Amino acid sequence: MSTTKTIKSALISVFSKEGLEPIVRKLHEQNVTIYSTGGTEEFINNLGIPVVPVEEVTSFPEILGGRVKTLHPKIFGGILNRQDNPSDIEQMREFEIPQIDLVIVDLYPFEKTVASGASEADIIEKIDIGGISLIRAAAKNFKDTVIVASVNEYAYLLELISTQNGETTLEQRKKLATKAFNTSSHYDSAIFNYFNQNQEETILKISEQNGQVLRYGENPHQKGFFFGDFEAMFTKLHGKELSYNNLLDVDAAVNLILEFKENEPTFAILKHNNACGLATRSTMKEAYLTALACDPTSAFGGVLIANGKIDEATATEINSLFCEVVIAPSFDEKAIAILSEKKNRIILVQNDVALPQTNLRTCLNGILVQERNNITDNKSHLNYVTTTKPTEQEIEDLLFASKICKNTKSNTIVFAKNSTLVASGTGQTSRVDALKQAVEKATTFGFDLKGAVMASDAFFPFPDCVELAHNAGITAVIQPGGSIKDELSINFCNENKVAMVFTGTRHFKH
């Protein structure tokens, strides 16, 4: 038996009618019998095209306020019958079930209704029953039935029936069935996640409809993909396609600059997910130049991000640096023109979009999930544990350093002075090594640590770190506290007139 099928009948029942008219007209032109329900039936009638109400097939009206329309053996028999099965053929004749070759369904907009803040009653009514059943039935029987389960497939269907005179191949039907099962599984996942908002069931369901193939993964021999609505977060103005590593750096940059969203002009430069420069100043140009001076070596090939508009003056300075990505909430037109002089440089306008409140990563043969770290240390969190108290400027710098520390790979030590990242030790296996690295970097780039402050992402089990910091010129320290040997570090600070505050919150980042 030929696997090519000609569409002779169609059931159309959709929520959104956008894009439907040309399909209906083409089906009518090809003498296809059209069955429909409710608002879709009215829409087709208004086009002046004959349509058979489903009630004429089922001899049963819509009931329960439209909750039950197509749930009937004569409808599902017409979709699910196997056209090469003698028993099915006989039962189709016996019960006078019409063949249905094509099903076009558009589900109720459940996710949009949830996102709109609608009442629970309204949300429940947007859980589609008949539509989801039609999708599963037609997709299961793809050998004989064509299923179109989303407006996204309308163009593909119209092309098929137009160029193939209403015929479809088995391969094409299976392709549409695959897309249909994607639609149904995503829909059910969204419903489950709505009902499981309080995590009463320790079950993870992730369904992301937006995906793109990347040039490669972390290394050229690895395949890479991104799943998410990148265009909702950014408007891309210029440059090459973002790589896997670009996206990781952009993610780190976005999370870091969020800590400084309400600050004066702030500019950050990142490399391999860590800040190598960050400063807050009265102008964006000054903030950029100060951030660049922190570590101009690491800035080469980095990702740049600002918490405000990048103007012409700032763009002119940036343009002399080789950098992969520049991100800001807005750019002057002249700034865009200047930054676009490098054809591969990626320019992104960051839109005001909420970030996910959960973090996920693969682990062993499963997935680790945790809540987002939404705690940002502020003045009210500080516990002044030493005799010497930090000055107002030191408190400002301590909180500044703590924000950077929170967004830097552990173990980390951050030095800051006058709202400037002076140096950091990142991703070290010991806190002492992180501190030594930070001191070495500050020395390499000519920074005087006298009067600078230090932030640590976790407590000090021994006084060696505060001793090394004091010897380098550090005058104030911020750390979570919580070690059984906190008194050792406190005693050293008291003896050497170093101010130290505890926050009570650890900020590991692995």
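Residues numbered from 1 in each chain as written. Predicted model: local features only at pLDDT ≥ 70, side-chain atom pairs only at ≥ 80, totals over all residues. Heavy atoms only, no water.

**Let's talk about the sheet that holds strand S2 (residues 9-14)**
(1) Moving on: Taking strand neighbours across the sheet as the criterion, the 5 strands line up as S4-S3-S2-S5-S6 in an open arrangement whose pairing is parallel. Both outer strands of the open sheet, strand S4 (52-53) and strand S6 (146-148), are each paired with one neighbouring strand and no more.
(2) Moving on: Its contacts with the sheet place helix H8 (residues 130-140) against S2, strand S5 (102-106) and S6, and it is angled at close to 145° to S5. (Pairing = 2+ DSSP bridges. Helix = DSSP H or I, 4+ residues; strand = E, 2+ residues; numbered from the N terminus. Contact = heavy atoms within 4.5 Å. Axes fitted to C-alpha atoms, helices over the stretch in contact; angles between N-to-C directions.)

**Quick look at the nonpolar core**
(1) Moving on: Formed by 42 residues in total, the largest nonpolar core has its most connected members in Phe234, Val250, Leu278, Ile305, Ile327, Leu348 and Ile404.
(2) Moving on: With near-sequence residues (within four places) excluded, Ile305 lies in contact with Ala253, Val254, Ile257, Thr266, Phe267, Ala268, Leu270, Ile327 and Gln350.
(3) Moving on: Formed by 29 residues, the second largest nonpolar core is a distinct cluster that contains Ala138, Ala139, Tyr187 and Ala190. (Core = buried A, V, L, I, M, F, W, Y, C linked by side-chain atoms within 4.5 Å. Buried < 20%, exposed > 50% of the residue type's maximum accessible area, 1.4 Å probe, protein only.)

**Considering the environment of Ile89**
(1) Moving on: Tracing the backbone shows Ile89 in helix H5 (residues 86-94).
(2) Moving on: Ile89 has contacts with Arg82 and Gln83, leaving out every residue within four places of it along the chain.

**Some points on the packing of aromatic side chains**
(1) Moving on: Per the stated rule, a full pass over the model turns up 10 aromatic pairs.
(2) Moving on: Note on Phe267 and Tyr288: the rings are 5.1 Å apart at their centroids and 70° apart in plane angle, and the pair reads as edge-to-face. Taken as a pair, Phe267 in strand S11 (residues 266-271) and Tyr288 in helix H13 (residues 284-294) lie far apart in primary sequence, 21 residues in all.
(3) Moving on: Judged by relative accessible area, which is 0%, Phe267 ranks as buried.
(4) Moving on: Using a relative accessible area of 0% as the deciding quantity, one classes Tyr288 as buried.
(5) Moving on: For the ring pair Phe300 and Phe322, a centre distance of 5.0 Å and an interplane angle of 45° mean the geometry is tilted. Remark: Phe322 occurs in the loop between helix H15 (312-318) and strand S14 (323-328) and Phe300 occurs in the loop between helix H14 (296-299) and strand S13 (302-306); sequence separation between them is 22 residues.
(6) Moving on: By relative accessible area, which is 42% here, Phe322 ends up partly exposed.
(7) Moving on: One aromatic cluster in this structure is built from Phe110, Tyr187, Tyr194 and Phe195. (Phe/Tyr/Trp six-rings, centres within 6.5 Å; stacked < 30°, edge-to-face > 60°.)

It is worth stressing that arrangement in space is one thing and function is another; only the former is reported here.
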